Amino acid sequence: MLQQSKVFRDNEAVQERIMDSNDLERERGITILSKNTAVSYKDAKINIVDTPGHADFGGEVERVLNMVDGVLLLVDSVEGPMPQTRFVLGKALELGKKVVLVVNKIDRDAAQPDVVVDKAFELFCDLGATDEQCDFPIVYASGFNGIAGHEPDELAEDLEPLFETIMKEVPAPVVNVEAPLQMLVTNLDYDDFKGRIGLGRINQGSISKAENVKVGVPGGDARNGKVVEIFTYKDFVRTPIDDAAAGDIVAFTGIPDVMIGETIMCPQEGEPLPTIEVEEPTVRMSFSVNTSAFAGKEGKFVTTRNIKDRLDRELERNLALRVEPGETADQFMVSGRGALHITILIENMRREGFEFMVGPPTVIIKEEDGVKEEPYDECMVEAPEDVISGAVSILNARKGIMTSMEPAVTGGNTVVRYKIPTRGLLGARNAMLTATKGQAIINTNFCEYGPVVGDINTRDNGSLVSMAQGPVTSYALQSCQDRGVMFCKPGVETYSGMVIGIHQRPGDLELNPCKAKAATNVRSNKDQTTVLKEPQDMGLDDAVEYIGPDELVEITPSSIRITKNMAFYGKKAKGQKK
């Protein structure tokens, strides 16, 4: 859409997924933050807001839905609507937004557009859409080739049918330019020279640079402020302007303490708009100061104050996140929409130079009328017929209830859908990938709160724990690797209480991975060649998924280690640490 709107020069080098500007977004291939731009089409300006599709980042979607008049619902021509689509579409339908269905990748060999449209219609009905909303316009497209059309076998040479559908179906904003100014701040940015930048859509009235305004929320005292500069988004560039009117999305500077959810309004007769409300978090993790033997060696920001300041800054723009004090002064309980939501924050902090520890993810239990309830997820697994049984047995063992089982559109695959407690999904992804030989495609989405189902066993194996401090030796690893799967290579520094592998049996086992071969004065005592197995590489997501209740993940800019939580591990480990 950007390319065909002549946003870029003909000879300009353009990156793929240009809206995914964050490094993590490019690495993972997902959208994490909502971002906006604008294109011009036939003397009209179309503001575009790119939002995440993953349910863990639903707060980003809820935050920006007030800024738009319609949505493009993008579905794959083979896979159809995914479980995460349900959440974001439900929010759009609740607000009465006009939905245009775009069936993308129509050029794929296994494309079945009619089936996909039927599935999308069923989804609309399940979400309680009105008759008018169910009569949605459909555009078939291939984003890679830049073509679209109103029939799957009649595609134009460009995306003009898509632009025309947007102009025809999405209503233009109904606004009153003469009314007093009202603008809800929905996003924040920062510039080293201009300071904090607020972003939002003008609900009514107009705004100009160097204008005095009031800033406030319903039921609170408003404070005075002054807008210094105004910017609009045009052709992928933030362009300074003198004034803007209702209906447009603008950014402004000059109010250093503006927050998301506040209203910029006329100083004389302005009324604040309702603040942004987002769904409550479902998963919680503890963040604490690093207390391991290697504490302070690799990180730049290591104190409680550093961690608290960074979490407070995150709360300013991440509306779905919650931070509460922990059991001790150096611990914080961070709650989010899912483990992925929180691990993205952990990875960002790690790259910024922070060093800290995080505990295992746990679900947030609610109590209503004296009955305890826990969150349930909808889980969809697609895998070949001959290996799907491995995933089914894991989900059954974790108190999941199968809701459907059907052949997938991709030949030879089967799709199973489960309703399962969120607790049961913690640590299940890697187990299912192992059981299906890495061929499973797993999608999850928060469903609802339901009755607590009792204990769920999420891990059968114990850990291999180091009982010594020093570099790992090949000689010691030769005997250690017979006990299970190792995480470390020779030469890696370890300390007492550090988890160095997965035990092949239940229960933890302490080993000495630093033991060196005894030297003798016999010349023929040559070191025999040792053949070591390749250790399992534990990234951040793997480590968070693996740890049990008595373990922590040690996060530093250059390392991710798993360690035993000495508060739970027992007197023996405590004595060794001393």
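Conventions used here
Residues numbered from 1 in each chain as written. Predicted model: local features only at pLDDT ≥ 70, side-chain atom pairs only at ≥ 80, totals over all residues. Heavy atoms only, no water. Buried < 20%, exposed > 50% of the residue type's maximum accessible area, 1.4 Å probe, protein only. Helix = DSSP H or I, 4+ residues; strand = E, 2+ residues; numbered from the N terminus. Contact = heavy atoms within 4.5 Å. Salt bridge = Lys/Arg side-chain N within 4 Å of Asp/Glu carboxyl O. Polar contact = N/O pair within 3.5 Å; in protein donor to acceptor, adjacent residues only side chain to side chain. Core = buried A, V, L, I, M, F, W, Y, C linked by side-chain atoms within 4.5 Å. Pairing = 2+ DSSP bridges. Axes fitted to C-alpha atoms, helices over the stretch in contact; angles between N-to-C directions. Parallel < 35°, antiparallel > 145°, perpendicular 65-115°, else oblique. Left-handed = near helix turned anticlockwise from the far one by under 90°. Nonpolar A, V, L, I, M, F, W, Y, C, P; charged D, E, K, R; others polar. Domains from an automatic or database assignment. Buried area = accessible area lost by both parts, 1.4 Å probe.

**Q** What am I meant to see in helix 6 (residues 160–169) here?
**A** Since the α-helix advances by 3.6 residues per turn, residues separated by three or four positions end up pointing in the same direction. Every buried residue belonging to helix 6 is among Pro161, Leu162, Phe163, Thr165 and Ile166, and all of these are buried. Elements that come into contact with the buried residues of helix 6 comprise strand 1 (35–41), strand 2 (44–50), strand 3 (70–76), strand 4 (98–104), strand 5 (138–142) and strand 6 (147–149).

**Q** Which parts of the structure should I look at to understand the pattern of salt bridges?
**A** A side chain with one charge can pair with a side chain of the opposite charge if their charged atoms come near. Taken as a whole and assessed by the stated rule, the structure comprises 35 salt bridges. Across the pair Asp309 and Arg305 runs a salt bridge, and its minimum N-O distance is 3.9 Å. Note that Asp309 and Arg305 are positioned in helix 7 (residues 304–317) at a spacing of 4 residues, about one turn of the helix. For Asp309, a relative accessible area of 35% corresponds to the partly exposed category. When the shortest N-O distance is used, the salt bridge between Lys564 and Glu551 registers 2.9 Å. Of this pair, Lys564 sits in strand 34 (residues 560–564) while Glu551 sits in strand 33 (residues 551–555), and the two are 13 residues apart along the sequence. Residue classification places Lys564 among the buried positions, given a relative accessible area of 3%. In this structure Glu551 comes out as buried when scored by relative accessible area, which is 0%. Residues joined by salt bridges that share partners form a network here, namely Arg459, Asp508, Asp550, Glu551 and Lys564.

**Q** Looking at this structure, I do not really get the side chain of Asp248. What am I missing?
**A** For Asp248, the position within the fold is in the loop between strand 14 (243–245) and strand 15 (249–253). A residue is classified by how much of its surface remains accessible, and Asp248, at 18% relative accessible area, is buried. Within the structure, the side chain of Asp248 is placed 3.2 Å from the side chain of Lys45, a separation counted as a polar contact. Separated by 3.3 Å, the side chains of Asp248 and Asn47 make a polar contact. With residues near it in sequence (within four places) discarded, Asp248 still touches Lys45, Asn47, Gly200, Arg201, Ile202 and Thr232.

**Q** How should the nonpolar core be read in this particular structure?
**A** The nonpolar side chains of a soluble globular protein tend to be buried with one another. Counting residues in each nonpolar core, the largest one holds 33 residues, and the members touching the most others are Leu73, Leu89, Val99, Leu101, Val103 and Phe124. For this core, the secondary-structure elements that each account for two or more residues are helix 2 (58–64), strand 3, helix 3 (83–94), strand 4, helix 4 (113–126), strand 8 (195–204), strand 12 (229–234) and strand 15. Residues Phe332, Val358, Leu540 and Ile547 belong to the second largest nonpolar core, which totals 27 residues.

**Q** Looking at this structure, how should I read the sheet that holds strand 7 (residues 182–191)?
**A** The strands making up a sheet associate through backbone hydrogen bonding, with each pair oriented either parallel or antiparallel. Within the open sheet, the 8 strands sit side by side as 11-10-16-7-8-15-12-13. Their pairing is antiparallel. Only two strands of the sheet have a single neighbouring strand rather than two, namely strand 11 (223–227) and strand 13 (237–241). The mean inter-strand angle of the sheet, taken between neighbouring strand axes irrespective of direction, is 40 degrees. Strand direction decides the pairing type here: strand 8 and strand 15, joined by 5 bridges, are antiparallel. The residue bridging Arg201 from the neighbouring strand is Ile249, located in strand 15.

**Q** Even after reading the chapter, I still don't get the packing of helix 7 against helix 8 (residues 339–351), so can you show me in this structure?
**A** A pair of packed helices is characterised by two quantities: the angle between their axes and the separation of those axes. At their nearest, the axes of helix 7 and helix 8 sit 12 Å apart, and the two run at 125 degrees to each other. One element, helix 7, and the other, helix 8, form an angle in the oblique class. Taken as a pair, helix 7 and helix 8 cross one another with a handedness that is right-handed. Side by side, helix 7 and helix 8 meet where Ile307, Arg310, Leu311 and Glu314 of the first sit next to Leu345, Asn348 and Met349 of the second. Classifying every residue of the contact of helix 7 with helix 8 gives 4 nonpolar, 1 polar and 2 charged.

**Q** Would you mind going over the domain arrangement of the protein chain with me for this structure?
**A** Bring the parts together and some accessible area is lost; that lost area is often taken as the interface size. Splitting the protein chain by domain gives domain 1 (2–169), domain 2 (182–265), domain 3 (368–451) and domain 4 (463–576). Relative placement of domain 1 and domain 2: their C-alpha centres are 27 Å apart. For the pairing of domain 1 and domain 2, the buried interface totals around 1,400 Å² over both sides, and the portion due to carbon and sulfur atoms is 51%. Looking only at domain 1, the three residues that lose the most surface to domain 2 are Asn36, Arg63 and Met67, adding up to 40% of its buried area. Connecting domain 1 to domain 2 are 2 salt bridges. Of the charged contacts in the structure, one is a salt bridge between Asp248 and Lys45, with a shortest N-O distance of 3.2 Å. Where domain 1 meets domain 2, there are 8 residue pairs in polar contact (both at pLDDT 80 or more). Every element with two or more residues in the side of domain 1 that touches domain 2 is listed here: strand 1 and strand 2. The element contributing the most residues to the side of domain 1 that touches domain 2 is strand 1, with 4 residues. Considered class by class, the residues forming the side of domain 1 that touches domain 2 number 8 nonpolar, 6 polar and 3 charged.

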